[in-house]
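If you want the building blocks of each chain, they are given just below.
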Amino acid sequence: MLWTTYTFVNVFQYNPGDVFFCTADIGWITGHSYIAYGPLLAGATCLMFEGIPTWPDAGRFWEIVDKHKVNTLYTAPTAIRSLMSYGLDPLKDKDLSSLKVLGTVGEPINEEAWHWYDEHIGKKKCPIVDTWWQTETGGILISNLAGVTPAKPSWATLPLPGVKPVLVDEKGEEVTELTDTHYSGNLCLTMPWPGILRTTWGDHERCRQTYFSTYENKYFTGDGAFKDEEGNFRITGRVDDVLNVSGHRLGTAEVENAINMMAGVVESAVVGYPHELKGQGIYAYVVLDGRNRHEEDDQLTKQDLLATVSRIIGPIAKPDKIQFVSALPKTRSGKIMRRILRKVAEGELENLGDTSTLLDPAVVDEIKEGKI
Ligand code: 7RM
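Criteria and cut-off values
Residues numbered from 1 in each chain as written. Predicted model: local features only at pLDDT ≥ 70, side-chain atom pairs only at ≥ 80, totals over all residues. Heavy atoms only, no water. Helix = DSSP H or I, 4+ residues; strand = E, 2+ residues; numbered from the N terminus. Buried < 20%, exposed > 50% of the residue type's maximum accessible area, 1.4 Å probe, protein only. Contact = heavy atoms within 4.5 Å. Pairing = 2+ DSSP bridges. Axes fitted to C-alpha atoms, helices over the stretch in contact; angles between N-to-C directions. Near = heavy atom within 4 Å. Polar contact = N/O pair within 3.5 Å; in protein donor to acceptor, adjacent residues only side chain to side chain. Areas by Shrake-Rupley, 256 points an atom, 1.4 Å probe, with all protein chains shown as cover. Nonpolar A, V, L, I, M, F, W, Y, C, P; charged D, E, K, R; others polar. Salt bridge = Lys/Arg side-chain N within 4 Å of Asp/Glu carboxyl O. Expected span 1.5 Å × (residues − 1). Arc of directions from axis to C-beta. Right-handed = clockwise from strand over helix to strand, strands pointing away.

Some remarks on the overall build of the protein chain
Looking only at helices and strands, the protein chain has ten helices and 14 strands in total. When its C-alpha atoms are laid out on the principal axes, the protein chain stretches across 60 × 55 × 40 Å. Put simply, the protein chain has 372 residues, and 48% of those count as buried. Partitioning the intrachain contacts of the protein chain with sequence separation of at least 6 by distance along the chain shows that 65% fall at a separation of at least 24.

Re the sheet that holds strand 8 (residues 219-228)
By definition, the strands of a sheet pair up through backbone hydrogen bonds, in either a parallel or an antiparallel sense. Pairing in this open sheet of four strands is antiparallel, and the strands run 6-7-8-9 from one edge to the other. At either margin of the open sheet sits one strand with a lone partner, and together these are strand 6 (165-168) and strand 9 (233-238). Averaged over neighbouring strand pairs, the angle between their axes works out to 45° when direction is ignored. Sheet topology places strand 7 (residues 182-189) next to strand 8; seven bridges connect them, and they run antiparallel. Opposite Leu189, over in strand 8, you have Tyr219 as the bridge partner.

Comments concerning the pairing of strand 12 (residues 265-275)
Burial of strand 12 is extensive: eight of the eleven residues sit out of reach of the surface. For strand 12 and strand 13 (residues 279-288), the ladder comprises ten bridges, and the chain directions are antiparallel. Bridging from a neighbouring strand, Val270 pairs with Ala284 of strand 13. Linking strand 12 back to strand 13 in an antiparallel pair, the connection comprises three residues.

Considerations on the site of the ligand
By nearness alone, 17 residues border the ligand, and Asp130, Thr131, Thr135, Asp223 and Lys335 come closest of all. Between the ligand and Thr135 there is a distance of 2.6 Å, counted from an oxygen atom to a side-chain nitrogen or oxygen. The protein chains hide 91% of the 530 Å² of surface that the ligand would expose on its own. Looking at the shell around the ligand, the elements that each hand over two or more residues are helix 2 (29-41), strand 5 (128-131) and strand 9. The class makeup of the residues in the shell around the ligand is seven nonpolar, five polar and five charged.

Thoughts on unusual backbone geometry
Pro56 follows Trp55 through a cis peptide bond whose omega is 0°. Along the chain, the position of Pro56 falls in the loop between strand 2 (45-47) and helix 3 (60-68). Positive phi, close to 50°, is recorded for Lys123, a residue that is not glycine. For Lys123, the position within the fold is in the loop between helix 5 (111-121) and strand 5. Positive phi outside glycine occurs at Asn217, with the angle close to 60°. Inspection of the secondary structure assignment puts Asn217 in the loop between helix 6 (204-212) and strand 8. Overall, the relative accessible area of 70% leaves Asn217 in the exposed class.

Thoughts on the side chain of Thr5
Relative to the helices and strands, Thr5 is located in helix 1 (residues 2-11). Only 2.7 Å separates the side chain of Thr5 from the backbone oxygen of Met1, close enough to count as a polar contact. Filtering out sequence-adjacent residues up to four positions away, Thr5 remains in contact with Tyr37, Gly38, Leu41 and Ala42.

With respect to the pattern of salt bridges
Where charged atoms from two side chains of opposite charge come close, those side chains can pair. Applying the stated criterion across every chain yields a total of 14 salt bridges. Here Lys69 ties to Asp66 by a salt bridge, and the two come within 3.2 Å at their closest N and O atoms. Residue classification places Lys69 among the partly exposed residues on the basis of a relative accessible area of 42%. Judged by its relative accessible area of 19%, Asp66 falls in the buried class. Lys92 serves as the salt-bridge partner of Asp89, at 2.9 Å between the closest nitrogen and oxygen. A single network of salt bridges, built from pairs that share partners, joins Arg81, Glu107, Glu267 and Lys330.

Notes on helix 8 (residues 298-312)
For helix 8, built from 15 residues, the straight-helix expectation of 21 Å at 1.5 Å per residue is met to within 8% by its first-to-last C-alpha distance of 21 Å. Residues of helix 8 that are buried: Thr301, Lys302, Leu305, Thr308 and Val309. Projected onto a plane normal to the axis of helix 8, the buried residues spread over an arc of 120° and lie on a single side. Where the residues of helix 8 are buried, they touch helix 7 (252-260), strand 12, strand 13 and strand 14 (321-324). Looking one or two places after helix 8, you find Gly314, whose phi comes out positive at around 140°.

A short note on the pairing of strand 5
The alternating pattern of strand 5 places Ile128 and Asp130 on one face and Val129 and Thr131 on the opposite face, and all of these are buried. Note that the unit made of strand 4 (residues 101-105), helix 5 and strand 5 has a crossover that is right-handed.

Some points on the sheet that holds strand 2
Pairing is parallel in the open sheet, where five strands are placed in the order 2-1-3-4-5. One side of each edge strand has no neighbouring strand; the edge strands of this open sheet are strand 2 and strand 5. Strand-to-strand, the axes of this sheet are offset by a mean angle of 20°, without reference to chain direction. Across the sheet, helix 3 lies against strand 1 (19-22), strand 2 and strand 3 (72-75), angled at about 165° from strand 1, the strand it touches most.

Written as structure tokens, this is what we have:
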């Protein structure tokens, strides 16, 4: 609670009387921590909203900001991308001039979404804090401080005081060689920080195994990251999703980023599936916004996608299968449920496991039906 309060006040630069609106689902850690614990302990004026951003229309958040003169808005990239796809109409007649600070959390924010948020919501006057943390960390660990330290689009930037992140290679050695302009590795924490997890309820050994045994004397986050020469961090995604295609190691996030570069792609998810010759094949689920799609001709769109991936990463990263879907299966916090996508890609359509935390279970049926 102390850590959520401390980070709330410092990251958002909260001033008494400001109206703070965190749009997270209360069942997600971001909901408990930054709707309830942090703001309440800081005596903040906190706005709570139960509903979805697109009902009765995609202007719902902006209407709330206008009506209640919200000063700080904290939301997820998945919400920003979704609202972005409705264009600027829902923003018409909405007065967003009360906004002073914007924040994002939950997944890496792509530059396009960052700039849309900056331009159309913050009107280029509001600092955007990109806050990286996990349920296990008890609060924000890496973020810029609103208006105090500079933002860098799609970078969470610097660790908070007391937080000591390090990037390591497979063997746990600190990465000291630059790739292009940055270091790249697995994100670990070398020192305990104030919000650190201390056990897992009823299973202390599991806690030790999961977080503290991969690399000696380090907490392993499970995320991959870049670090630039100024010490800024960019979180690239979970590293448990590494593909091995004909002996080449590829990160799913890397392939997804390449796919997302193509105009008309809203988002995508890449998983591996067993492939006779390559070991693993690449299966891509892609959401298009319709506008740039070759009419009635998915084949052409697929060719464009393959060419894009080839150009950005290389022919090895070209997906073997591409399935166009209307949405990806996500939890309420916007995290893609890869387990489901992996099973469908493997042809295992029956035992998808627990799907009760899905935002929209109907998406799964559509995905199963369209399996390639
Ligand atoms: C707060 C939360 C944790 C995982 C984490 C990352 C991803 C969270 C960011 C992010 C890039 C961010 N807790 N993640 N924030 N990735 N930039 N600003 O999401 O336990 O539900 O998830 O979320 O992969 O490990 S969580």
